[in-house]
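Residues per chain are reported as follows:
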Amino acid sequence: MRRVTLLFFVLPFLAVLSAGCSEKTLEEQRRELEEQKAEYQARIEALADQDVKQALASMADVMFWIREGDLERREPPEEVQYSTSPYAILDDYKDTKDMADQLAAGVLLTHDPRYRPEEAQLELPFAYPFDLRVNWEQVVLADGTELPVVERDPFTDQSNLIPVALWNTSYKRFTTQVEKHENLPIGQVPPPPSPIARARGEMILTVPETLPEVDFSVSDVGDHQEVSGWRITLEEVEGHRVRLLFKVPEDMALAEAEDRFNQIEVEASDSTGRLLSSSNTGKGPAGGDTLIIEMLDQLIDAAESGELKERTLEQRMESQQQAMFEGVDRQLFVEVAFRGTVKQVKVLLPGFSGETTQSVPLDLIPVQFDVPDNQGEPRSFGVRARVYDHTASDWELDQPLEADPALLDELIQVEFKEGADQDLPDPIADKLYFHFPEQMSNRLVSNFDRFDHVEELVFLDKNDEPVYRFDPEDREGPVRFTVNRIEYHPDRFERPPVRVRGKLDVLLLPDIDVRWVAVDDLPEGYEMHGKQVLFGPAAADNHIPALVLGRDSEGGYLKKITEIRHSFDQGWPRRAYHFYDEPAGFLFIDKGPSSHASYSFDISLED
């Protein structure tokens, strides 16, 4: 059966049942939605034509899934969460063309021929914020075998495609399949495949001429602005949720409008000015509640009477989509739920001011981010691009690098997460998470190391009597401490616990040392290999800086391609720091000696 193009068909269902919903709770709306979903499914299931039944069932599933998203957007966030705009990368370059050129200059193909010879990974220097496609022509193995490239289909068994190089678009990864090894004797391991030696193809980048944007504040509800003939109206801001209307130019066809509309992004910031992360987005024609229900009913009615075949189904949908689009005055909506209270709204409109397509030929020889033992000197990866690390400059801010041990009881935050299915043989435990405050030291200490061990942990009943004292050797007990959390099963205690008290040993780095080193004044044992690689001295792991950050001549911190440990049979290892561009100097960051402090807690389990 041919795929039925949905276009805007599924999207308007976001608004279905909206009328009058404000007087009902979200739970009541969810129950009504489940009831209506069951009614539609029953009508569709009774259809005789299997192709039409399958098409309508798929449409209904998508429609109700999107409607569920509509209800989710009305749920206020449990906590504030922030993010970084994918378009922030544009600030590093003079224009979008410069950004595309730098991306193309920094592309690498990496592999690990020792442990995963059948794979190779495409590494981009940064996440490109616009459309990017890769078309591969051929993969050549080290033994000279030439393989065609086929895109991996996660829903299809492609194990019989031999010989071939499967390309995973999502993960940007090759996996080769050269021969099958079946019915091998027990214990016999097939020989390792020949690794990828070359990959040829092209990368196609969409490059907008500019990135138009429209800004609103919460006080601008009802106001509109115009960009390239589109009228953009801030229709509603309700706490964490934003809704905008987009009126399509009269001379623009539906297909072109859909292409432009699907590229629109909405961002929001709170009163601190920080960018809020989004949790759910819905798009589609504005209004049309009755029309969309009528359209679905008409399609099912036609199918029940035997008038609807696959081809007429697609034709009816296309004509009704166009009628619906015109019926709402060519207006489309975007509704976004954010994880915080919105104060400012930014609408980004890629492609609205024109765009070009840039084709970049690819002829890549894989490189290793791990090196064989005894490789004496680092080898340049042969790419150079201006790519920056904007988090590195945080080390130069005038701020404490570690938390005050005297304030740990106040600074460490506790989060409770309820378990589930306590009646099952393997239920999910309740959890208490301990969140260390945001400190620069977190970049040097993992969660695994921060909370070193439990000094004391006891669960108490309503009379403040101990119910259970934690014993790390008690593997069968109801409580365990792992990484940064307590996991416990309430039903496995002799009496219900109402409080938990304890002390955790916390690892701190009070003497972090940050120093600047110019490229022409490197410490003993350090040397430059070319202009992009710093090679460190032979030293034990605890005698080298925990972080080495490179900075260019204009003061921008450079993104590191990778850091490689060169091991030797005789003597200490050396480390090579590979950067995308040429450093003028380095920031050396040493942990310094560590210390320990106790964190005490007394937490109610009844709140």
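Just above sits the structure.
The paragraphs below set out a description of the structure included in this document. All of these numbers come straight from a predicted model, not from anything done at the bench.

Some words on the overall build of the protein chain
- When helices and strands are tallied, the protein chain shows eight helices and 32 strands.
- For the protein chain, buried positions account for 47% of its 607 residues.
- Counting only contacts in the protein chain whose residues sit at least 6 apart along the sequence, the fraction spanning at least 24 positions is 74%.
- Summing over all exposed atoms, the protein chain offers an accessible surface of approximately 31700 Å²; the carbon and sulfur share of this is 45%.
- The positive charge centre, built from 62 side chains, and the negative charge centre, built from 117, are 2 Å apart in the protein chain.

Side note on the environment of H435
- Topologically, H435 is positioned in strand 19 (residues 430-435).
- Residues H435 and Q102, 333 residues apart in the sequence, show an inter-C-alpha distance of 38 Å.
- Not counting residues up to four positions away in its chain, the partners in contact with H435 are L411, I412, Q413 and E415.

Considering unusual backbone geometry
- Note that the residue after I162, namely P163, is joined by a cis bond; omega there is -10°.
- Looking at where P163 falls in the secondary structure, it is placed in the loop between strand 5 (149-151) and strand 6 (164-168).
- Unusually for a residue other than glycine, K172 sits at a positive phi of about 55°.
- Accessibility expressed as a relative area gives 25% for K172, which makes it partly exposed.
- A positive phi angle is found at D464, which is not glycine, with a value near 65°.
- Within the secondary structure layout, D464 lies in the loop between strand 20 (451-460) and strand 21 (466-469).

Some words on the pattern of salt bridges
- This structure, assessed with the given rule, holds 40 salt bridges.
- Here E238 makes a salt bridge to R241, at a shortest N to O gap of 2.9 Å.
- The exposure class assigned to R241 is buried, which follows from its relative accessible area of 3%.
- Via salt bridges that share partners, R73, E235, E236, E238, R241, R243 and E335 belong to a single interconnected network.

Topic: the pairing of strand 24 (residues 499-508)
- Across the 10 residues that make up strand 24, a large majority, seven, are buried.
- As paired strands, strand 20 and strand 24 are joined by eight bridges and run antiparallel to one another. Its bridge partner lying in strand 24, L457 is registered against G502.
- Here 10 bridges tie strand 24 to strand 32 (residues 595-604), and the two strands are oriented antiparallel to one another. Bridge assignment links K503 to a residue of strand 32, and that residue is S600.

A word on the sheet that holds strand 28 (residues 547-551)
- The antiparallel open sheet is built from three strands, whose spatial order is 25-31-28. Edge positions in the sheet fall to strand 25 (513-518) and strand 28, since each has one partner strand and no second. Between one strand and the next, the sheet's axes are offset by a mean angle of 20°, whatever the strand orientation.
- With five bridges connecting them, strand 28 and strand 31 (residues 585-590) associate as antiparallel partners. Bridge pairing links V548 to F588 in strand 31.

Topic: helix 3 (residues 96-105)
- Listed in full, the buried residues belonging to helix 3 are T96, D98, M99, A100, Q102 and L103.
- Between the side-chain oxygen at the start of helix 3 and the backbone nitrogen of K97 there is a gap of 3.2 Å, and the oxygen is on D95.

Focus: the sheet that holds strand 22 (residues 479-482)
- One open sheet holds the four strands; their spatial order is 18-19-23-22, and the pairing between them is antiparallel. If you trace the sheet from one side to the other, it starts and ends with strand 18 (413-417) and strand 22, each paired once. Strand-to-strand, the axes of this sheet are offset by a mean angle of 15°, without reference to chain direction.
- As judged from the four bridges shared by strand 22 and strand 23 (residues 485-488), these two strands associate in the antiparallel manner.

What counts and what doesn't
- Residues numbered from 1 in each chain as written.
- Predicted model: local features only at pLDDT ≥ 70, side-chain atom pairs only at ≥ 80, totals over all residues.
- Heavy atoms only, no water.
- Helix = DSSP H or I, 4+ residues; strand = E, 2+ residues; numbered from the N terminus.
- Buried < 20%, exposed > 50% of the residue type's maximum accessible area, 1.4 Å probe, protein only.
- Contact = heavy atoms within 4.5 Å.
- Areas by Shrake-Rupley, 256 points an atom, 1.4 Å probe, with all protein chains shown as cover.
- Lys, Arg positive; Asp, Glu negative; His and termini not counted.
- Charge placed at Lys NZ, Arg CZ, Asp CG, Glu CD.
- Salt bridge = Lys/Arg side-chain N within 4 Å of Asp/Glu carboxyl O.
- Pairing = 2+ DSSP bridges.
- Axes fitted to C-alpha atoms, helices over the stretch in contact; angles between N-to-C directions.
- Polar contact = N/O pair within 3.5 Å; in protein donor to acceptor, adjacent residues only side chain to side chain.

Function cannot be inferred from these measures alone, as they are strictly geometric.
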